[in-house]
Amino acid sequence: VMLLSDQQKYIISVLPQIKYIRARQLHAMTAQHYRTEGIDISQARMDAMLRQLRAMSSFVRFQGDVVCCGEHTVDPHYLEAIDVMLELTRCAPEFYSAERLEKPFLLRFTGGSENALYLFSVAWMGVPRCIARTQRMKGERIIWIADRISDRPNSHGIELPRHHIFAVRQEDGNHRFFGSQEPKKI
C-alpha cells in the first residue's frame, strides 16, 4: 500500500474528470490549487509525483508529454481547449468536464471572479458556418478555436453572435480573444 500526498490525491481527482492533459497543464493547475495554501509545487516535485503515480498503478499513463487517466486517443484540439480554460480561469477552474458533450463542443468549464462566475464551452470550428447552427445554453459563452488562419472569423468576415468568442493562438502559445460587438443604442 502506497500513501498518497495531498497533491497526488488532487491529481488523482483531476484526471478522471479531464481524461487527459499535458503535464505542463496539470502542473499549472496543481501549482495554482496549492498556491493559496502557501505550498510551492516545483516542476521537479511534480515530475516525481507523476512518476510515483504511474509506478503504483495503471490508472496514470503517459503518452509523450500527455498524462492520461487510462488509455485515450489524444486530440490536439482538446488539449488547446484545456489551454483556453487555464488562461481564462488563471489555472483555477471551479468546474470542468468533457463528459456528454456533442460536437463541436470539446470542454465545458466555469470561471470568473468572486462576484461573477461564468459558464464557458470551448468548441472546435471545423467550418465557419457551424457557428450559426450551434445552440447555446442560457448564460453560456462559447469560445471557438480553429487550426488554420483561413478558419479565423476575420478572414471570412464572420460575425459572431452575442456571447460567442473566437480564440486565436499566438506564437507564444497564449490566445487572443475576439468577441462580437454589442449593438450600441443611440
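Residues numbered from 1 in each chain as written. Predicted model: local features only at pLDDT ≥ 70, side-chain atom pairs only at ≥ 80, totals over all residues. Heavy atoms only, no water.

Taking 1.5 Å per residue as the helical rise, helix 2 (residues 23–35) with its 13 residues ought to reach 18 Å, and the 18 Å between its terminal C-alpha atoms agrees with that figure. For helix 2, the complete set of buried residues consists of Ala 23, Gln 25, Leu 26, His 27, Met 29, Thr 30, Ala 31 and Tyr 34. On the buried face of helix 2, the contacting elements are helix 1 (6–18), strand 1 (20–22), helix 3 (43–56), strand 3 (66–69), helix 4 (76–89) and strand 4 (95–97). (Helix = DSSP H or I, 4+ residues; strand = E, 2+ residues; numbered from the N terminus. Expected span 1.5 Å × (residues − 1). Buried < 20%, exposed > 50% of the residue type's maximum accessible area, 1.4 Å probe, protein only. Contact = heavy atoms within 4.5 Å.)

Bringing the pairing of strand 7 (residues 140–145) into the picture now. When you tally the buried positions in strand 7, you get 5 out of 6 residues, the bulk of the element. Sheet analysis places strand 6 (residues 117–124) next to strand 7, joined by 6 bridges and oriented parallel. The residue bridging Phe 120 from the neighbouring strand is Arg 141, located in strand 7. Where strand 7 meets strand 8 (residues 164–169), 3 bridges bridge the pair, whose relative direction is parallel. (Pairing = 2+ DSSP bridges.)

With that settled, the discussion passes to the packing of aromatic side chains. Throughout the structure, instances matching the rule amount to 4 aromatic pairs. Ring centres 5.9 Å apart and planes at 85 degrees place the aromatic pair Tyr 10 and Tyr 34 in the edge-to-face group. Of the two residues, Tyr 10 sits in helix 1 while Tyr 34 sits in helix 2, which places them 24 residues apart along the sequence. Relative accessible area serves as the criterion here: at 6%, Tyr 34 is assigned to the buried category. Three or more aromatic residues joined by ring pairs form one cluster here, namely Phe 109, Tyr 118 and Phe 120. (Phe/Tyr/Trp six-rings, centres within 6.5 Å; stacked < 30°, edge-to-face > 60°.)

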